[in-house]
Amino acid sequence: MNHFFDYHHPFEVLREAAGQKVVFCYECQLYHVHYGTIALDLSERGIQTLNITLGRYLAMYDGTIDPKRRCIEVETPCEGIRLLLSTHDLHAFKELLTDSVGEFEERIRLRRLN
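In short, a report on the structure. Remember, it's a predicted structure, so these values are computed and weren't measured experimentally. (Residues numbered from 1 in each chain as written. Predicted model: local features only at pLDDT ≥ 70, side-chain atom pairs only at ≥ 80, totals over all residues. Heavy atoms only, no water.)

The next thing to look at is helix H2 (residues 87-113). Residues spaced three or four apart along an α-helix face the same direction, because each turn holds 3.6 residues. Given a rise of 1.5 Å per residue, 27 residues ought to cover 39 Å, and the 39 Å separating the end C-alpha atoms of H2 matches this to within 8%. Turning to H2, its buried residues number three or more, namely Thr87, Asp89, Leu90, Ala92, Phe93, Leu96, Leu97, Ser100, Val101 and Phe104. (Helix = DSSP H or I, 4+ residues; strand = E, 2+ residues; numbered from the N terminus. Expected span 1.5 Å × (residues − 1). Buried < 20%, exposed > 50% of the residue type's maximum accessible area, 1.4 Å probe, protein only.)

Here it is as structure tokens:
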């Protein structure tokens, strides 16, 4: 896996699996998300927005096409850049984001209690 963020900054790996990784950088205050061939640096708001966007596309396309067919063009905030995903990808990417952020928030909550 390529290193798409500065390992010299304090960071925490939130999720890591084959072709998927979410890291939070305490210095940048960004989530570094790697899903397949997609690498994104997202703020907390950005990761929430992407998660909502993926959910909307899932609601539109889930069960309507072959789950493995990458034919869904997901709009991004960057003009002219779209993510080409399947419904399988949408489920997996959304789950990665949801689980990573949820787990991170729980870790922070537990640290505050200690």
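Having seen the structure, we can now continue with the description.
Moving on, we get to the packing of aromatic side chains. Under the criterion given, the structure shown has seven aromatic pairs. Relative to Tyr61, the ring of Tyr57 lies with its centre 6.4 Å away and its plane at 10 degrees, an arrangement referred to as stacked. Taken together, the positions of Tyr57 and Tyr61, both in helix H1 (residues 44-61) and four residues apart, correspond to about one turn of that helix. Residue Tyr57 is classed as buried on the basis of its relative accessible area of 14%. (Phe/Tyr/Trp six-rings, centres within 6.5 Å; stacked < 30°, edge-to-face > 60°.)

We now examine the nonpolar core. Formed by 24 residues in total, the largest nonpolar core has its most connected members in Tyr31, Val33, Leu54, Val74, Leu85, Leu90 and Phe93. Looking at this core, the elements with two or more residues in it are strand S2 (20-25), strand S3 (30-35), strand S4 (38-42), H1, strand S5 (72-75), strand S6 (82-85) and H2. Broken down by element, this core gets its largest block of residues, seven residues, from H2. In this view, Phe93 contacts Val33, Tyr35, Ile38, Leu40, Leu50, Leu54, Leu83 and Leu85; residues no more than four positions away in its chain are not counted. (Core = buried A, V, L, I, M, F, W, Y, C linked by side-chain atoms within 4.5 Å. Contact = heavy atoms within 4.5 Å.)

So yeah, pure geometry; function would need other evidence.
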